[in-house]
Amino acid sequence: MRVIIFGATGMVGQGVLRECLADDRVEAVLTVGRTPTGQRHPKLREITHGDLLDLGPIEGELAGHDACFFCLGVSSAGMSEQDYRRVTYDFTLAAGTTLARLSPGSTFVYVSGAGTDAQGRTMWARVKGATENALLALPLEAYMFRPGYIQPLHGITSRTRWYRLAYVVTVPFYPLLRRLLPSAVTTTEQIGKAMITVAERGAPKRVLGPADINAL
């Protein structure tokens, strides 16, 4: 299959890219983002595009793909709802609506988060919930990944400084977390492999939590 990854320089996106390049089911990977990944691989092609609200100039490069893995996102900490919505909702729907027009029926996997709720009391949960609902209404095979705690593997790190510090602290405790809370934790590797499996053969439901991701 041929896949597109948005946000391949983030922690989750790095993990998804790694698994796509390693998996024989994926024949070609196109990354789209505002900064290059810095990686080289025979299967990999990159597009650096500054305005993710306007994909018109690169539409010709986006057609003909089987799946899109949308891993782009930011922390809501310190952001206004308007600014957070612009990155979380507007960027995602710009990609979703473009691909729904170019490749209707293709798979679109969106990285959301545990606790997402369009009617929720917290700002980030409402915005992500609205994003999920808008994607599910498009003519795509859309799936929402709602991971909880994500353990980065294989040298992958978060671009957010305080996330990196938190992961350094929690690394020794991950085996314990996995035993005590198996339905609440996952890894960058498991998320990447699960996305490829969903693109290949779908999933029993459209909204997938950590246990569903790990099972896939």
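Refer to the structure presented above.
A brief structural summary.

1. Let's talk about the pairing of strand β2 (residues 28–33)
Of all six residues that make up β2, six are buried, and the element is covered over most of its length. Burial of β2 is two-sided: the residues Ala28, Leu30 and Val32 facing one way and the residues Val29, Thr31 and Gly33 facing the other way are all buried. Taken together, the five bridges between strand β1 (residues 2–6) and β2 define a ladder with parallel strand orientation. By the bridge assignment, Val3 is partnered in β2 with Val29. Regarding the hand of the β-α-β motif, the stretch spanning β1, helix α1 (residues 11–22) and β2 is right-handed.

2. Considerations on helix α3 (residues 81–102)
For α3, with 22 residues, the first-to-last C-alpha span of 30 Å sits near the 32 Å given by 1.5 Å per residue. The sharpest bend along α3 measures roughly 25° and falls at Val87.

3. Section: the pattern of salt bridges
Tallied over the entire structure, the rule returns ten salt bridges. Among the salt bridges present, the one from Asp23 reaches Arg25, with a minimum N-O distance of 2.8 Å. Glu59 is the salt-bridge partner of Arg101, the closest N and O atoms lying 2.5 Å from each other. Residue Arg101 is found in helix α3, and its partner Glu59 is found in helix α2 (residues 59–62); the two are separated by 42 residues along the sequence. For Arg101, a relative accessible area of 52% puts it in the exposed group. Linked through salt bridges whose partners overlap, the residues forming this network are Asp23, Arg25 and Glu200.

4. Digging into the packing of aromatic side chains
Considering all chains together, one arrives at three aromatic pairs under this definition. Look at Phe70 and Phe108: their rings are 6.0 Å apart centre to centre, the planes differ by 20°, and that puts the pair in the stacked class. Note that Phe70 is positioned in strand β4 (residues 67–70) and Phe108 in strand β5 (residues 107–111), a separation of 38 residues in sequence. Summarising the burial analysis for this pair, Phe70 and Phe108 share the class buried. With a centroid separation of 6.4 Å and an interplanar angle of 45°, the aromatic rings of Phe70 and Tyr110 are classed as tilted.

5. Let's talk about the packing of α3 against helix α4 (residues 123–136)
In contact at an axis separation of 10 Å, α3 and α4 are set at 15° when each is read in the N-to-C sense. The orientation of α3 with respect to α4, classified from their angle, is roughly parallel. In this structure, the crossing between α3 and α4 has a hand that is right-handed. Seen from α3, the contacting residues are Glu81, Tyr84, Arg85, Thr88, Tyr89, Thr92, Leu93 and Gly96; seen from α4, they are Met123, Trp124, Arg126, Val127, Lys128, Ala130, Thr131, Ala134 and Leu135. Across the contact of α3 with α4, the residue classes break down as nine nonpolar, four polar and four charged.

Conventions and cut-offs
- Residues numbered from 1 in each chain as written.
- Predicted model: local features only at pLDDT ≥ 70, side-chain atom pairs only at ≥ 80, totals over all residues.
- Heavy atoms only, no water.
- Buried < 20%, exposed > 50% of the residue type's maximum accessible area, 1.4 Å probe, protein only.
- Helix = DSSP H or I, 4+ residues; strand = E, 2+ residues; numbered from the N terminus.
- Pairing = 2+ DSSP bridges.
- Right-handed = clockwise from strand over helix to strand, strands pointing away.
- Expected span 1.5 Å × (residues − 1).
- Bend = angle between axes of the 7 residues up to and from the residue.
- Salt bridge = Lys/Arg side-chain N within 4 Å of Asp/Glu carboxyl O.
- Phe/Tyr/Trp six-rings, centres within 6.5 Å; stacked < 30°, edge-to-face > 60°.
- Axes fitted to C-alpha atoms, helices over the stretch in contact; angles between N-to-C directions.
- Parallel < 35°, antiparallel > 145°, perpendicular 65-115°, else oblique.
- Left-handed = near helix turned anticlockwise from the far one by under 90°.
- Contact = heavy atoms within 4.5 Å.
- Nonpolar A, V, L, I, M, F, W, Y, C, P; charged D, E, K, R; others polar.

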